Amino acid sequence: MLDIVLNLVAAPMGAIAVNVYSRIRRWSNERSIRWFWRSHQFQKVVVVVGQLQAASPSTGEVEGMVNIMDALTLGHLRLFLQKHFSDVQVATSAATLDWSCPVVSIGGPLANAVTSTLGPGLPLWFEGLPYQPGASRGIATADGREVYRSSFNGDGSLSTDVGFVARL
């Protein structure tokens, strides 16, 4: 009988504790997001993604294309940002950026002109040109220590690569 009474008392206390913990965690996450993205100050955010020029072998025409990994990152990032900003715009040129609101850059220094102007002042930076065949594709920190390197499959195809997303 005592076990039943203790269980009846402990169950609501456990539910209350879990509910309070969940609310504190949600409040902390929302506060961190507001601090980092400043979504309470801005309605709009601009995401700039770089374009590489691809030539069609049959026609010789050149057209802009976005790296597939950058495009996937853009999709995930837009879904996240749309939860916090009412207007999420995508730009592919530095000339069209609206610097009066937060700007997020996707893509490395070769594909994205905005990223290439940031220089090595960021905590992480590319070693060499990451998309040049045979080049070292690691990322180096300010002290020169390598923290990431692309890996290749046995047939020479790329299995993981360097990525870059920065809030400016």
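Our subject is the structure listed above.
All values derive from a computational prediction rather than experimental measurement. (Residues numbered from 1 in each chain as written. Predicted model: local features only at pLDDT ≥ 70, side-chain atom pairs only at ≥ 80, totals over all residues. Heavy atoms only, no water.)

Caption draft 1: Main features of the overall build of the protein. Within the protein, the secondary structure is distributed over three helices and 11 strands. Written out in order from the N terminus, the α and β elements of the protein read α-β-β-β-α-β-β-α-β-β-β-β-β-β. With 168 residues in all, the protein has 26% of them scored as buried. In the protein, once contacts between residues fewer than 6 apart in sequence are set aside, the share between residues at least 24 apart is 53%. Here the protein has roughly 11200 Å² of accessible surface; of this, 60% comes from carbon and sulfur atoms. (Helix = DSSP H or I, 4+ residues; strand = E, 2+ residues; numbered from the N terminus. Buried < 20%, exposed > 50% of the residue type's maximum accessible area, 1.4 Å probe, protein only. Contact = heavy atoms within 4.5 Å. Areas by Shrake-Rupley, 256 points an atom, 1.4 Å probe, with all protein chains shown as cover.)

Caption draft 2: Structural view of a nonpolar patch on the surface. On the surface, a nonpolar cluster with roughly 450 Å² of combined accessible area is contributed by M1, V5, V9 and M13. Tracing the chain through its elements places M1 in the segment before helix 1 (2-37). (Patch = residues over 30% accessible without salt bridge, like charges linked within 9 Å, V, L, I, M, F, W, Y side chains within 5 Å. Salt bridge = Lys/Arg side-chain N within 4 Å of Asp/Glu carboxyl O.)

Caption draft 3: Local environment of the sheet that holds strand 5 (residues 103-106). The strand order across the open sheet formed by four strands is 4-1-5-11, and the pairing between neighbours is mixed. Looking at the sheet topology across the chains shown, the edges are occupied by strand 4 (87-91) and strand 11 (165-167). Averaged over all neighbouring strand pairs, the angle between strand axes comes to 20°, with direction disregarded. Relative to strand 5, strand 1 (residues 44-49) runs parallel, the two being bridged by four bridges. Bridge pairing in strand 5 links V48 to S105. The sheet contacts of helix 2 (residues 68-81) involve strand 1, strand 4, strand 5 and strand 11, and relative to strand 1 the element is tilted by about 175°. (Pairing = 2+ DSSP bridges. Axes fitted to C-alpha atoms, helices over the stretch in contact; angles between N-to-C directions.)

Caption draft 4: Just helix 2, in detail. For helix 2, which comprises 14 residues, the first-to-last C-alpha distance of 20 Å matches the rise-based estimate of 20 Å (1.5 Å per residue) to within 8%. When we look at burial in helix 2, the residues that qualify are D70, L74, L77 and L81. Buried residues along helix 2 cover an arc of 75° about the axis, so they all sit on one side. Counted as exposed and oriented over 90 degrees from the buried face of helix 2: I68, M69, H76 and L79. Here the buried face of helix 2 lies against helix 1, strand 1, strand 4, strand 5 and strand 11. (Expected span 1.5 Å × (residues − 1). Arc of directions from axis to C-beta.)

Caption draft 5: Seen up close, the nonpolar core. Core analysis: the largest hydrophobic core is formed by 19 residues, its most contacted members being V47, L81, F85 and L97. Of all elements in the fold, only strand 1, helix 2, strand 4 and strand 5 reach the threshold of two or more residues within this core. Top contributing element to this core by residue count: strand 1, with five residues. For L81, the residues in contact, after removing those within four places along its chain, are W37, V45, V47 and V88. (Core = buried A, V, L, I, M, F, W, Y, C linked by side-chain atoms within 4.5 Å.)

Caption draft 6: Broad picture of the pairing of strand 5. Burial along strand 5 is two-sided: the residues V103 and S105 and V104 and I106 are all buried. Sheet topology note: the strand 5/strand 11 ladder contains three bridges and is antiparallel. Across the sheet, the residue bridging to I106 is V165, located in strand 11.

Caption draft 7: Spatial organisation of the pairing of strand 1. Extensive coverage of strand 1 is indicated by the burial of five of its six residues. Bridge count for strand 1 against strand 4 is five bridges, and the pairing is parallel. The residue of strand 4 that forms the bridge with V47 is V90.

Caption draft 8: Representation of the side chain of S105. You can see S105 is positioned in strand 5. Here S105 falls in the buried class, since its relative accessible area comes to 0%. Here S105 is in contact with V48, N112, V114, T115, F164, V165, A166 and L168, once residues within four sequence places are set aside.

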